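Each chain, letter by letter, is given below.
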Amino acid sequence: MEDCIFCKIIRKEIPSSIVYEDEEIIAFKDVNPVAPIHILVIPKRHIESVVEIKEEDELLVGKIYTVINKIAKQENIDKNGFRVIVNCGKDGGQEVKHLHFHLIGGKKLGTKICE
Ligand code: DGP
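Residues numbered from 1 in each chain as written. Predicted model: local features only at pLDDT ≥ 70, side-chain atom pairs only at ≥ 80, totals over all residues. Heavy atoms only, no water.

(A) Expanded view of the overall build of the protein. Across its full length, the protein holds 3 helices and 5 strands. Traced from its N-terminal end to its C-terminal end, the protein shows the element sequence α-β-β-β-α-β-α-β. The C-alpha atoms of the protein give 14 Å as radius of gyration, which agrees with the globular expectation for 115 residues (13 Å, within 12%). Out of the 115 residues belonging to the protein, those deemed buried represent 37%. A separation threshold of at least 6 residues defines the contact pool for the protein, and within that pool the share at least 24 residues apart is 54%. Accessible area for the protein stands at about 7400 Å²; split by element, carbon and sulfur atoms hold 52% of it. Across the protein, the 17 positively charged side chains and the 19 negatively charged ones have centroids separated by 7 Å. (Helix = DSSP H or I, 4+ residues; strand = E, 2+ residues; numbered from the N terminus. Rg over C-alpha atoms; globule rule 2.2 N^0.38 Å. Buried < 20%, exposed > 50% of the residue type's maximum accessible area, 1.4 Å probe, protein only. Contact = heavy atoms within 4.5 Å. Areas by Shrake-Rupley, 256 points an atom, 1.4 Å probe, with all protein chains shown as cover. Lys, Arg positive; Asp, Glu negative; His and termini not counted. Charge placed at Lys NZ, Arg CZ, Asp CG, Glu CD.)

If you want it as structure tokens, here you go:
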């Protein structure tokens, strides 16, 4: 059993504000939102980061984007747009070692995508 904070959220050992869930994917509000909408979309399977994605995960990772599409509509940000960010590793600023997609929107975002 993974001793990872997001795995604990998946197992409901840590409370979170869940906005979407199916057998393979869960999405919940980020605890430190940087915009009015800031949701983390994650696979339930523990994949550490982008560099740990394997061929067998291709369908799952593709499905994450259709889930993001659904959530964007659900949260009413599909028309105005949003940003999807995946941090990877130390230089990428990844703090939680469980693959996650930040879905950020609900305001006009800055044009800088990195500093
Ligand atoms: P990253 O820097 O890409 O690894 O982003 C991790 C994000 O996870 C960060 O924006 C804060 C969020 N986060 C960390 N711990 C928790 C938690 O326990 N609950 C929720 N909802 N979000 C968390």
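(B) Quick look at the pairing of strand β1 (residues 18-21). Where β1 meets strand β2 (residues 25-29), 3 bridges bridge the pair, whose relative direction is antiparallel. Residue I18 lies in a different strand from β2, and its bridge partner there is F28. Adjacent in sequence and paired antiparallel, β1 and β2 are bridged by 3 residues. (Pairing = 2+ DSSP bridges.)

(C) Local environment of the pattern of salt bridges. Here the structure, examined in full by the defined rule, presents 9 salt bridges. In this structure, K79 engages D78 in a salt bridge whose closest nitrogen and oxygen atoms are separated by 3.4 Å. A single salt-bridge network, built from bridges that share partners, covers K12, E21 and K44. (Salt bridge = Lys/Arg side-chain N within 4 Å of Asp/Glu carboxyl O.)

(D) Broad picture of the site of the ligand. Lining the immediate environment of the ligand, one finds 15 residues, of which D30, N87, E95, H100 and H102 sit closest. Between the ligand and the protein, one listed contact pairs an oxygen atom with a side-chain N or O atom of D30 at 2.6 Å. Residue V96 places a main-chain N or O atom 3.0 Å away from an oxygen atom belonging to the ligand. When the free accessible area of the ligand is taken as 510 Å², the share hidden by the protein chains comes to 84%. More than half of the atoms belonging to the ligand lie within 2 Å of the grid points that define the largest pocket. (Near = heavy atom within 4 Å. Polar contact = N/O pair within 3.5 Å; in protein donor to acceptor, adjacent residues only side chain to side chain. 1 Å grid on protein atoms, 1.4 Å probe; cavity = no way out; pocket = protein on both sides within 12 Å on 5 of 7 lines; lining within 4 Å. Sits in = over half its atoms within 2 Å of the grid points.)

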